[in-house]
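Given next are the chains, with one letter for each unit.
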Amino acid sequence: MLLLREHENEPAQAADDANTNKEDGDRYGTAETASPSAGERDGPVIVVRDLVRKFGDFTAVASTSFDVQRGEIFGLLGPNGAGKTTTFRMLCGLLPATSGHLEVAGVDLRTARAKARARIGYVSQKFALYGNLSVRENLEFFAGAYGLRGERKRERVKAVIAQFDLDASAQSGILPVGYKQRLAMAAGLLHEPDILFLDEPTSGIDPLARRAFWRTITSLAQGGVTIIITTHFMEEAEYCDRIAIQDAGELLALGTPAEVREQAGDDASDMNEAFIAIVEQNRARQTNEKVAA
Amino acid sequence: MRVAGLTLGADFIAWLAQTFALVRKEILALVKDPANRTILFAPALMQALLFGYGATYDLTHVPYAVVDQSRSAASTELLARLDGTGVFRREAALASNAQIGDLIDSGKVLLAISIPSDFEHRLTVGDTAPIQIILDGRNSSTAGAAAGQIGAIVADYGRSLGGSPPITVERRAWYNPNLESRWTLMPAMIAALSFLQTLLLSALSVAREREQGTFDQLLVTPLGLMQILIGKAIPSILVGLIQSTIILLIIRFWFEIPMNGSYWLLYLGLVTFTAAGVGIGMSISALSLTMQQAMLYTFLLVMPLMLLSGMLTPVRNMPQILQLITYVNPLRFGIDMVRRIYLEGAVFADVALDFVPMLVVAAITLPLAAWLFRNRLA
């Protein structure tokens, strides 16, 4: 919402592209080295090739490849244990890949210099801020950790508090779930990241809050922010530009929601059914293969 | 582009500002957690007092045996003064020194006083009159304090005799030739008492974040591992120093044990010592997935570290192999350093060797912890 407002304030004649590029320049021109995004603005922001993650004998993610374009809302869908959180954690640099190639904004976040991480925002599945600190203290800490200082830090903290309608002095740990989720979003957006990672951000919040949340996400994407989101709400998949469906570590479907529904076959009238159809087709095929072998 | 204009200095200031944000958060989180608040300072205060009185409590009941071969007015007078304190209780009057062993072995008496047959004769001719005290060295601190008190009573008696030269007290501690008195135990507390809690606090610092899921949120920020390490270590070190200070103040002003060394040197030593302890704690923390695990590891480690510290039993009396192990124990050198600065007034050159093992432990464990933050296999 805030980003939208910012855009509204830009001169009207500026084309959308120029607009976001300018903002990019403002935002990262002050970085120590030239922004890595400069060279690949038109290429994919996230590149994943033959990504594999094993835990001992168990393959959590089997050879997975996909690209995500700038400004895209990319959904990782799958049943519990499908490997979507593992994929997600590898993308954020929290977990090393067993093999394969992985690039986020041109670097592997796990081995990249710390500054590369300033370009991403992260909202985890469960509330992962400091429960005994107040909303403001949490935001000030994360602003500081992301290198915001002085006037800019005050501005950004104030801006996200207003944007997400938060009570600055409330203790974070005892906020209702919906507010915790808003606070987590606020913390993830303080530094105006290029890429926002959201791990099941809408689980446990009510439909109204979910709709507000998706409105925020859509406007961020319109502002050029790339969104990677995992979810198990299939109707939410419709909000994504493209989705990937995973089961048992394998990538079963990849494309726009319409393409994925098509892949599922005629009887899939909505995403829920498409999802079930795709997962079941795959499971049946695997069982057949096992029987054949 | 302002890229070119950025200097190393500005980068460093930005780096420091980021780190400071973490230090601030850690301290806030520490003092806002009610469970933390209570473990921070109350135990240091309580334990210091408890140990202080624990070490002196037995002085109200000191059972002793006497071998009075002099059987003179002077020896009777001296013993009467001892009994008059209400502290020393004469459990046995023995005929010869050979009988002392059994009584001390069985723990019936804490010490025995042996007065030679020529005691009064020597006093009257103006010679020095030696008496011997045999102490149970196993009960070192109490025995030491008791011996000190006997020494004072004897000296007092010696003065009351007027022109005579003082009576000399010859001490011999059994089972522990290097008798550790209360005075040597208490300064050791400056290092030892804060050690447990500093270790526990730092061990919980990362484990708590892992358990509550906040550590991932921290790892995705641009904070470097070194910044996370510093940000987490500084508050723990500060708490350790504050605890040491509380204990120091109690020892110095409540128990009135005189400080002979330099406070600057003492604090330089304490910073080094605490950093080594925090390094161990942070390594434990980086290895632990939950707070419970971190606590368990800490307690598993604390007992051997305490036992092998030389606080209660001298290191040189330990088997060779255990003596070697003590070199990785910062507590051993921390206690030695504090004792020597506090009691002996040691200068830096005297305790420089104590710094080496502590610095080595800190230099290994702190970077190890930082590496483990990210590389611990989940």
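Because the structure is a prediction, the values reported are computed rather than measured.

Colleague: I tried to follow the overall build of chain B on my own but got confused; where do I start?
Modeller: Assigned secondary structure in chain B consists of 14 helices and five strands. For chain B, the proportion of its 378 residues judged to be buried stands at 53%. The contacts of chain B with a sequence gap of at least 6 include a subset with a gap of at least 24, amounting to 80%. If you sum the accessible surface of chain B, you get close to 16,900 Å²; carbon and sulfur atoms cover 66% of it.

Colleague: What's the story with the overall build of chain A in this structure? I'm lost.
Modeller: A count of helical and extended segments in chain A gives 10 helices and nine strands. Of all 293 residues assigned to chain A, the portion counted as buried reaches 53%. For chain A, the share of sequence-separated contacts (at least 6 apart) that also reach a separation of at least 24 residues comes to 66%. Summed over its atoms, the accessible surface of chain A is roughly 12,900 Å², and 51% of this surface lies on carbon and sulfur atoms.

Colleague: Would you explain helix 13 (residues 330–344) of chain B in this entry?
Modeller: Residues and elements named next belong to chain B. Between its first and last C-alpha, helix 13 extends 20 Å over 15 residues, near the 21 Å set by a 1.5 Å rise per residue. The buried count for helix 13 comes to 11 of 15 residues, which makes it a mostly enclosed element. Where helix 13 is concerned, the buried positions are P330, L331, R332, F333, G334, I335, M337, V338, R339, I341 and Y342. Its side-chain oxygen placed 3.0 Å from the backbone nitrogen of L331, N329 serves as the N-cap of helix 13. Of the residues trailing helix 13, G345 is marked for its positive phi of about 70°.

Colleague: Teacher, can you tell me more about the sheet that holds strand 9 (residues 250–255) of chain A here?
Modeller: Within a sheet, each strand pairs with its neighbour through backbone hydrogen bonds, oriented either parallel or antiparallel. Residue and element names in this part refer to chain A. On the basis of which strands lie adjacent, the open sheet formed by six strands has the order 5-6-7-3-8-9 and mixed pairing. Edge positions in the sheet fall to strand 5 (120–123) and strand 9, since each has one partner strand and no second. Taking the axes of each pair of neighbouring strands and ignoring which way they run, one obtains an average angle of 15° across the sheet. Looking at chain direction, strand 8 (residues 242–247) and strand 9 are connected through five bridges and run antiparallel.

Colleague: Got a minute to help me understand the packing of helix 1 (residues 8–32) of chain B against helix 9 (residues 225–254) of chain B in this structure?
Modeller: Two numbers describe a pair of packed helices, the interaxial angle and the distance between the axes. Residues and elements named next belong to chain B. Two elements in contact, helix 1 and helix 9, have axes separated by 8 Å at closest approach and are oriented at 45°. Comparing the axis directions of helix 1 and helix 9 gives the class oblique. Helix-helix and strand crossings are classified by hand; for helix 1 and helix 9 the assignment is right-handed. Taken together, the residues of helix 9 that come into contact with helix 1 (itself represented by W15, Q18, T19, L22, V23, K25, E26, I27 and L30) are M226, Q227, I228, I230, G231, K232, I234, P235, L238 and V239.

Colleague: Could you clarify how one ought to interpret unusual backbone geometry in this entry?
Modeller: Residues and elements named next belong to chain A. In this structure, D165 takes a positive phi of about 55° despite not being glycine. Within the secondary structure layout, D165 lies in the loop between helix 5 (150–163) and helix 6 (177–189). For D165, a relative accessible area of 53% corresponds to the exposed category. Positive phi, normally seen in glycine, also occurs at A248, with a value near 45°. Relative to the assigned elements, A248 resides in the loop between strand 8 and strand 9.

Colleague: I'm lost on the interface of chain A and chain B in this one. Help?
Modeller: By a widely used convention, the size of an interface equals the accessible area lost when the partners come together. With 33 residues of chain A in contact, the opposing surface of chain B contributes 33 residues. In this assembly, chain A packs against chain B so that about 3,000 Å² is buried in total across both faces, 57% of it on carbon and sulfur atoms. By the criterion of area lost to chain B, the three top residues of chain A are A:R117, A:Y130 and A:F141, representing 18% of everything that side buries. Taken together, the links from chain A to chain B amount to three salt bridges. One can count 11 residue pairs in polar contact (both at pLDDT 80 or more) joining chain A with chain B. Elements supplying a minimum of two residues to the side of chain A that touches chain B: helix 3 (84–92), strand 5 and helix 4 (135–145) of chain A. The element that contributes the greatest number of residues to the side of chain A that touches chain B is helix 4 of chain A, accounting for six residues. Looking at the side of chain A that touches chain B, its residues break down into 16 nonpolar, eight polar and nine charged.

Colleague: When you look at the UniProt feature "transmembrane region" (unreviewed entry) in chain B in this model, what are you seeing that I'm missing?
Modeller: All names here are of chain B. Annotation from UniProt places "transmembrane region" (unreviewed entry) at residues 185–207, 228–255, 261–282, 294–312 and 355–373. As a span, residues 228–255 carries 96% helix and 0% strand, and end to end its C-alpha atoms are 40 Å apart. Segment residues 261–282 splits into 91% helix and 0% strand. End C-alpha atoms: 31 Å apart.

Colleague: Looking at this structure, how should I read the packing of aromatic side chains?
Modeller: Aromatic ring pairs are defined here through the distance separating the ring centres and the angle between the ring planes. Residues and elements named next belong to chain A. The final tally for this structure, using the stated rule, is 14 aromatic pairs over all chains. Ring geometry for Y130 against F141: centres 5.8 Å apart, planes inclined by 75°, an arrangement best described as edge-to-face. Pair noted here: Y130 is in the loop between strand 5 and helix 4 and F141 is in helix 4, with a separation of 11 residues, a long-range link. Taking the relative accessible area as the measure of exposure, F141 reaches 2% and is therefore buried. A centroid spacing of 6.1 Å and a plane angle of 20° characterise the contact between Y130 and F142, whose relative ring orientation is stacked. On the criterion of sequence distance, the pair formed by Y130 in the loop between strand 5 and helix 4 and F142 in helix 4 is long-range, its members being 12 residues apart. In this structure, Y130 and F142 share a single accessibility class: buried. The ring of Y179 has R182 sitting right over it, with the charged end atom 4.1 Å from the ring centre.

Colleague: Would you explain the sheet that holds strand 4 (residues 99–104) of chain A in this entry?
Modeller: Residues and elements named next belong to chain A. With antiparallel pairing, the three strands of this open sheet are ordered in space as 2-1-4. If you trace the sheet from one side to the other, it starts and ends with strand 2 (58–68) and strand 4, each paired once. Strand-to-strand twist in this sheet, taken as the mean axis angle between neighbours without regard to direction, amounts to 25°. Relative to strand 2, strand 1 (residues 46–55) runs antiparallel, the two sharing seven bridges. Bridge pairing in strand 2 links I46 to V68. Contacting strand 1, strand 2 and strand 4, helix 3 crosses the sheet at an angle of about 120° to strand 1.

Colleague: I'm lost on the pairing of strand 8 of chain A in this one. Help?
Modeller: Look at any regular strand and the pattern is simple: side chains alternate between the two faces of the sheet. Residues and elements named next belong to chain A. Judged by how many residues are buried, strand 8 sits mostly within the fold: six of six residues are covered. With burial as the criterion, each face of strand 8 is covered, one bearing R242, A244 and Q246 and the other bearing I243, I245 and D247. Taking the residues between adjacent antiparallel strands as the criterion, strand 8 and strand 9 are bridged by two residues, where A248 takes a positive phi near 45°.

Colleague: Can you walk me through the side chain of B:S194 in this structure?
Modeller: By secondary structure assignment, the location of B:S194 is in helix 7 (residues 182–212). Setting aside residues no more than four positions away along its own chain, B:S194 makes contact with B:M189, B:G240, B:Q243, B:S244 and B:I247.

Colleague: What is the right way to read the side chain of B:T198 from this model?
Modeller: Residue and element names in this part refer to chain B. Checked against the element boundaries, T198 lands in helix 7. Taking relative accessible area as the criterion, T198 reaches 3% and is therefore assigned buried. With near-sequence residues (within four places) excluded, T198 lies in contact with S236, G240, T274 and V278.

Colleague: Explain the pairing of strand 3 (residues 111–115) of chain B here, please?
Modeller: All names here are of chain B. Here strand 3 lies mainly inside the structure; five of its five residues are buried. Pairing analysis gives five bridges linking strand 1 (residues 62–68) to strand 3, with the strands arranged parallel. In the strand pairing of strand 3, D68 is matched with I115. Across four bridges, strand 3 lies against strand 4 (residues 130–136) in antiparallel orientation. The residue bridging A112 from the neighbouring strand is I134, located in strand 4.

About the thresholds
Residues numbered from 1 in each chain as written. Chains lettered and ligands numbered in written order. Predicted model: local features only at pLDDT ≥ 70, side-chain atom pairs only at ≥ 80, totals over all residues. Heavy atoms only, no water. Helix = DSSP H or I, 4+ residues; strand = E, 2+ residues; numbered from the N terminus. Buried < 20%, exposed > 50% of the residue type's maximum accessible area, 1.4 Å probe, protein only. Contact = heavy atoms within 4.5 Å. Areas by Shrake-Rupley, 256 points an atom, 1.4 Å probe, with all protein chains shown as cover. Expected span 1.5 Å × (residues − 1). Polar contact = N/O pair within 3.5 Å; in protein donor to acceptor, adjacent residues only side chain to side chain. Pairing = 2+ DSSP bridges. Axes fitted to C-alpha atoms, helices over the stretch in contact; angles between N-to-C directions. Parallel < 35°, antiparallel > 145°, perpendicular 65-115°, else oblique. Left-handed = near helix turned anticlockwise from the far one by under 90°. Buried area = accessible area lost by both parts, 1.4 Å probe. Salt bridge = Lys/Arg side-chain N within 4 Å of Asp/Glu carboxyl O. Nonpolar A, V, L, I, M, F, W, Y, C, P; charged D, E, K, R; others polar. UniProt positions renumbered as here; feature names shortened; annotations may be inferred. Phe/Tyr/Trp six-rings, centres within 6.5 Å; stacked < 30°, edge-to-face > 60°. Lys NZ or Arg CZ within 6 Å of the ring centre and 35° of its normal.

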